[in-house]
Amino acid sequence: MSVDQLTAPLSKDQAYALVDAVMERDDLALTASAHENEDTGEWFFEATCDSPPDVAAFEALARETLGGEVSFSVAPIDPEINWVARSLEGLAPVIAGGFYVYGSHETGPIPGGLTPMKIDAAQAFGTGHHQTTTGCLEAIDRVLKRRKPRNMLDVGTGTGVLAIALAKRTRRKVLASDIDPISVTTTIDNAAQNGVGQQIIAFQATGLNHAIIAQNAPYDLIVANILAGPLMALAPAVGLAAAKGATVILSGILQHQARGVINAYGRQGMVLTQKLQRKDWTTLMLEKR
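Worth saying up front: this structure is predicted, and the values here are computed from it rather than measured. (Residues numbered from 1 in each chain as written. Predicted model: local features only at pLDDT ≥ 70, side-chain atom pairs only at ≥ 80, totals over all residues. Heavy atoms only, no water.)

**Some details on the packing of aromatic side chains**
Rules: Whether two aromatic rings pair depends on their centres lying within 6.5 Å, for rings of Phe, Tyr and Trp, where Trp uses its six-membered ring; planes under 30 degrees apart make the pair stacked, over 60 edge-to-face, and the rest tilted. Only DSSP runs of H or I reaching four residues or more are called helices, and only runs of E reaching two or more are called strands; each is numbered from the N terminus. Relative accessibility decides the category of a residue: with a 1.4 Å probe and only protein chains considered, values under 20% of the type maximum give buried, values over 50% give exposed, and everything between is partly exposed.
Throughout the structure, instances matching the rule amount to 5 aromatic pairs. The interplanar angle of 55 degrees and the centroid separation of 5.6 Å between the aromatic rings of Y16 and W43 together place this pair among those described as tilted. Placement of Y16 in helix α1 (residues 12-23) and of W43 in strand β3 (residues 43-50) is noted, with a sequence separation of 27 residues between them. A relative accessible area of 11% places Y16 in the buried class. Measuring from ring centre to ring centre gives 5.5 Å for Y100 and Y102, while their planes differ by 35 degrees; the resulting arrangement is tilted.

In structure tokens:
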């Protein structure tokens, strides 16, 4: 199966609006994103689609969403190249919440006083460089400075970076679930590489619907770095799984989506305690009352 990338230069607000519109449908794109060229300050909409993409449908959706014509360019994606790995190979280490996240290409010394985590680019989300991940790492650090959770769950674990952070700091068991089997395999590999393979139990699950999650509930710390829509859909399940007094850390939320997520979890007896903002992204810290 061949895959194409569809791109259009837009304003920041237009790019995010079109991403939201595309992701509300399941027939147009495999993924959609908005990003800024940091050298020029220009913003772009990008979508990855099965080849050939339905350009006419994208144009119609853009007219409906943005009120004007948008010109899209289409380029093939080489299936033999791991574009995620290639694009992240040269990224510098990240320091967030007292954690030092680096790839195997980094040869410099690990700074003292930080918790190191080696996370290489992979076919799963979460190398530590995105604002949603750094926000979660900082939120985890704030929680661990106040108390040491005993029963932890990472929903949508990706590369396992947040579960690994928890396991290294607490030296306790962490459950890590993801809907994607590649993410589960990546998490297991990364946990072993970081010396916490025995502490992390990684498994495939849709949301919180898994016997392992039910058997180990309730949790006094739940972390979920996914997207606003799925987070709101998971609110009832998270509310049931969270112990009284539990901390729930949520990310993958654009600033304009935060109120909807806060309200969804408020209906499950959770109150906002802290909000961390990193560029356009928000990380929420809530408590189950």
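After that view of the structure, there is still more to cover.
**A short note on helix α2 (residues 55-66)**
Where we set the bar: Multiplying 1.5 Å by the helix residue count minus one yields the expected span of that helix. Throughout, the arc means that of the directions going from the helix axis to the C-beta atoms. What makes two residues a contact is simply this: any of their non-hydrogen atoms within 4.5 Å.
Under the 1.5 Å per step criterion, the end-to-end length of α2 is 16 Å for 12 residues, consistent within 8% with the ideal 16 Å. Every buried residue of α2 is accounted for by A57, F58, L61 and A62. Viewed along the axis of α2, the buried residues span an arc of 135 degrees, placing them on a single side of the element. If you follow the buried residues of α2, they end up packed against β1 (3-10), α1 and β3. A positive phi of about 75 degrees marks G67, the residue just after α2.

**Section: the sheet that holds strand β4 (residues 73-77)**
Stated precisely, the cut-off is as follows: Think of it this way: DSSP has to see at least two bridges between two strands before they count as a pair. Here the axes come from fitting lines to C-alpha atoms, over the contacting stretch only for helices, and the angles between their N-to-C directions go from 0 to 180 degrees.
Pairing is antiparallel in the open sheet, where 4 strands are placed in the order β2-β3-β1-β4. Looking at the sheet topology across the chains shown, the edges are occupied by β2 (31-36) and β4. Within the sheet, the average angular offset between the axes of one strand and its neighbour, ignoring direction, is 25 degrees. When β1 meets β3, the two strands line up antiparallel, connected through 8 bridges. Paired with T7 across the bridge in β3 is E46. The strands touched by α1 are β1, β2 and β3; relative to β2, the strand with the most contacts, the crossing angle is about 170 degrees.

**Section: unusual backbone geometry**
A cis geometry characterises the amide bond from S51 onward to P52, with omega recorded as 0 degrees. Note that P52 resides in the loop between β3 and α2. The step from A217 to P218 runs through a cis peptide bond, and the omega angle for that step is 0 degrees. Assignment of secondary structure puts P218 in the loop between α7 (211-216) and β11 (219-225). The backbone phi angle of R171 is positive, close to 60 degrees, even though this residue is not glycine. The residue R171 is located in the loop between α5 (161-170) and β9 (174-178) in this model. With phi around 55 degrees, K279 is a residue other than glycine that occupies positive phi space. Looking at where K279 falls in the secondary structure, it is placed in the loop between β13 (270-278) and β14 (281-288). Residue class for K279 comes out exposed when judged on its relative accessible area of 56%.

**A few points about the nonpolar core**
Stated formally: Here, nonpolar core refers to any group of buried Ala, Val, Leu, Ile, Met, Phe, Trp, Tyr and Cys residues whose side-chain atoms link them within 4.5 Å.
M117, L137, I200 and I249 are the most contacted members of the largest nonpolar core, which totals 31 residues. Secondary structure elements with two or more residues in this core: β5 (94-96), β6 (99-102), α4 (131-146), α5, β9, α6 (181-193), β10 (200-204) and β11. Looking at this core, the element that brings in the most residues is α5, giving 7 residues. Excluding residues that lie within four positions of it along the chain, M117 makes contacts with F99, Y100, V101, Y102, L137, V161, I164, A165, K168 and N194.

**Structural notes on the packing of α4 against α5**
Selection criterion: In this scheme, roughly parallel covers angles under 35 degrees and roughly antiparallel covers those over 145, while 65 to 115 is roughly perpendicular and the rest are oblique. By convention, the crossing between two helices is left-handed when the near helix turns anticlockwise from the far helix through less than a right angle, and right-handed when the turn is clockwise.
Put simply, α4 and α5 touch, their axes get as near as 10 Å, and they point 25 degrees apart. What the angle tells us is that α4 and α5 run roughly parallel. Remark: the crossing between α4 and α5 carries right-handed chirality. Counting all contacts with α4, which are made through T133, C136, L137, I140, D141 and L144, the residues of α5 involved are V161, L162, A165, L166, R169 and T170.

**Here we look at α1**
For α1, built from 12 residues, the straight-helix expectation of 16 Å at 1.5 Å per residue is met to within 8% by its first-to-last C-alpha distance of 17 Å. Listed in full, the buried residues belonging to α1 are A15, Y16, L18, V19, A21 and V22. Where α1 is buried, its residues meet β1, β2, β3, α2, β12 (242-254) and β14.

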